[in-house]
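Residue strings, one per chain:
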Amino acid sequence: MKKLLTVSACIFLFLFSGCKKQETKSVPAAENTVARAAKLLNLPSQITESLSGKNIFVLLAHNFNDEKSVKDFTKTLDETFGVYSQDTPGLIKILVYPQDFTVSGKVRITSLYTILKDENPAGLVTLGAPEGLCNAIAKLEDSQEDSILPYPVIQLFPQDNILGTEAVSTIVLDYNQTLETSVSEETTFQINFNPEEILINSIEEIILERGKILKNRNLLLAVQNILGSKYKVSNYIDSETSLQSVNHFIFEKQ
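Since we're looking at a predicted model, the values are computed, not measured. (Residues numbered from 1 in each chain as written. Predicted model: local features only at pLDDT ≥ 70, side-chain atom pairs only at ≥ 80, totals over all residues. Heavy atoms only, no water.)

## Description of the side chain of asparagine 55
Line of reasoning, step 1. The residue asparagine 55 is located in strand β2 (residues 55–60) in this model.
Line of reasoning, step 2. In this structure asparagine 55 comes out as buried when scored by relative accessible area, which is 5%.
Line of reasoning, step 3. Polar contacts involving the side chain of asparagine 55 include one to the main-chain carbonyl oxygen of glycine 90, which spans 2.8 Å. (Helix = DSSP H or I, 4+ residues; strand = E, 2+ residues; numbered from the N terminus. Buried < 20%, exposed > 50% of the residue type's maximum accessible area, 1.4 Å probe, protein only. Polar contact = N/O pair within 3.5 Å; in protein donor to acceptor, adjacent residues only side chain to side chain.)

This is how it looks when you write it as structure tokens:
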């Protein structure tokens, strides 16, 4: 199995070359990385061509940016898709908050604009987006001629302003915190689902849709693809206005 994984990862990398607020205790890594990597080797040519010269950026932030989590996420993403480094091509580029957003000793979330403005992303997926990230994404939108990013933004479990996050995202996905987490006196929470699996499914959705997950259209289907059948999904409803969001979803176990 290890040999198959290595071969699969190497071929996949070739295809795409050139191309703590709280301590978190997460569940085991996503399963079947070998099967996933093998499946991705057989993608139709139009999909591989749409990703040529591009990367999908993954931002790890609040609750997902401790040393162990970063290591685990990186390992799983590398086995499944290939993680880019200066020496190795790969589809995924990982950003870690606040390390990658520190300028002259100060954390500047606006650095996301500087990081991505000269890149050619195929998508952006965030976990635990920090406060103010929506402003950096809005600046990226403003830099486009039509003020629309040419790639999807999927935000998982954001800690940012809700309305701002919804405005700049294709999909916003969060869990029912009352049912899915338990908070202790040490402000440590246990995640009762697999964030790595949801992240990988989000990236797969971007790949299979060739980065064309359209806002306000078939989003529920995309979300169900990301979560699978074991979760119940509902639209987020703002507690103050009672308005239902069209791109923000809450999930809980069936």
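Right, picking up where we left off after that structure.
## So, the packing of aromatic side chains
The geometry of an aromatic ring pair is captured by the separation of the ring centres together with the interplanar angle, meaning the angle of the planes.
Line of reasoning, step 1. What the rule picks out here adds up to ten aromatic pairs.
Line of reasoning, step 2. Ring geometry for tyrosine 97 versus phenylalanine 101: centroids 5.8 Å apart, planes at 55°, classification tilted.
Line of reasoning, step 3. By relative accessible area, which is 0% here, phenylalanine 101 ends up buried.
Line of reasoning, step 4. Of the aromatic side chains, those joined through ring pairs into one cluster are Phe64, Phe73, Phe157, Tyr175, Phe193, Tyr231 and Phe251.
Line of reasoning, step 5. In this structure, lysine 139 packs its charged tip against the face of tyrosine 113, placed 4.5 Å from the ring centre. (Phe/Tyr/Trp six-rings, centres within 6.5 Å; stacked < 30°, edge-to-face > 60°. Lys NZ or Arg CZ within 6 Å of the ring centre and 35° of its normal.)

## Brief notes about the pattern of salt bridges
Line of reasoning, step 1. In the structure shown here, the tally under the stated rule is five salt bridges.
Line of reasoning, step 2. Across the pair lysine 68 and aspartate 72 runs a salt bridge, and its minimum N-O distance is 2.7 Å. Residue lysine 68 and its partner aspartate 72 are located together in helix α4 (residues 67–80), separated by four residues, close to a single helical turn.
Line of reasoning, step 3. Put simply, glutamate 79 and lysine 75 hold a salt bridge, and the shortest N to O gap is 2.7 Å. Of this pair, glutamate 79 and lysine 75 both sit in helix α4, four residues apart, which is roughly one turn of the helix. (Salt bridge = Lys/Arg side-chain N within 4 Å of Asp/Glu carboxyl O.)

## Description of helix α10 (residues 219–227)
Line of reasoning, step 1. Inspection of α10 places Leu219, Ala222, Val223, Ile226 and Leu227 among the buried residues, and these make up the whole buried set. For α10, the angular spread of buried residues about the axis comes to 130°, placing them on one side.
Line of reasoning, step 2. The elements touched by buried residues of α10 are β7 (153–156), β8 (171–175), α9 (195–208), β10 (231–237) and β11 (244–253).
Line of reasoning, step 3. Taken from the residues just after α10, glycine 228 is the one with a positive phi, measuring 85°. (Arc of directions from axis to C-beta. Contact = heavy atoms within 4.5 Å.)

## Let's talk about the packing of α9 against α10
Line of reasoning, step 1. Look at α9 against α10: their axes get within 8 Å of each other, and the N-to-C directions meet at 135°. The angle between α9 and α10 places the two elements in the oblique class. Once α9 is placed against α10, the crossing between them reads as right-handed. The residues of α10 that touch α9, namely those facing Ile198, Asn201, Ser202 and Glu205, are Ala222, Asn225, Ile226 and Leu227. (Axes fitted to C-alpha atoms, helices over the stretch in contact; angles between N-to-C directions. Parallel < 35°, antiparallel > 145°, perpendicular 65-115°, else oblique. Left-handed = near helix turned anticlockwise from the far one by under 90°.)

## A word on the confidence of the model for the chain
Line of reasoning, step 1. In the predicted model, the chain carries a mean pLDDT of 83, and 79% of its residues have values of at least 70.
Line of reasoning, step 2. With pLDDT under 50 throughout, residues 1–30 is counted as low confidence; its partners more than four residues away or in other chains account for 67 contacts.
Line of reasoning, step 3. Counting interchain partners and residues more than four positions distant, the pLDDT-below-50 stretch residues 179–188 has 21 contacts. (pLDDT = per-residue confidence, 0-100.)

## Section: the pairing of β7
Line of reasoning, step 1. By the alternation rule, side chains of β7 split into Val153 and Gln155 and Ile154 and Leu156, which are all buried.
Line of reasoning, step 2. Where strand β6 (residues 121–127) and β7 come together, four bridges link them in parallel fashion. Paired with leucine 124 across the strands is valine 153, a residue of β7.
Line of reasoning, step 3. Regarding topology, helix α6 (residues 133–142) serves as the crossover connection from β6 to the parallel β7, and that connection is right-handed. (Pairing = 2+ DSSP bridges. Right-handed = clockwise from strand over helix to strand, strands pointing away.)

## Comments concerning the sheet that holds β8
Line of reasoning, step 1. Pairing in this open sheet of seven strands is mixed, and the strands run β3-β2-β6-β7-β8-β11-β10 from one edge to the other. Whereas interior strands pair on both sides, the edge strands pair on one side only; in this sheet they are β3 (92–96) and β10. Averaged over all pairs of adjacent strands, the angle between strand axes in this sheet comes to 20°, irrespective of strand direction.
Line of reasoning, step 2. Note that β2 and β6 share six bridges and pair parallel. Its bridge partner being in β6, leucine 59 is matched across the sheet by threonine 126.
Line of reasoning, step 3. Against the sheet, α6 engages β2, β6 and β7, with an angle of about 175° to β7.

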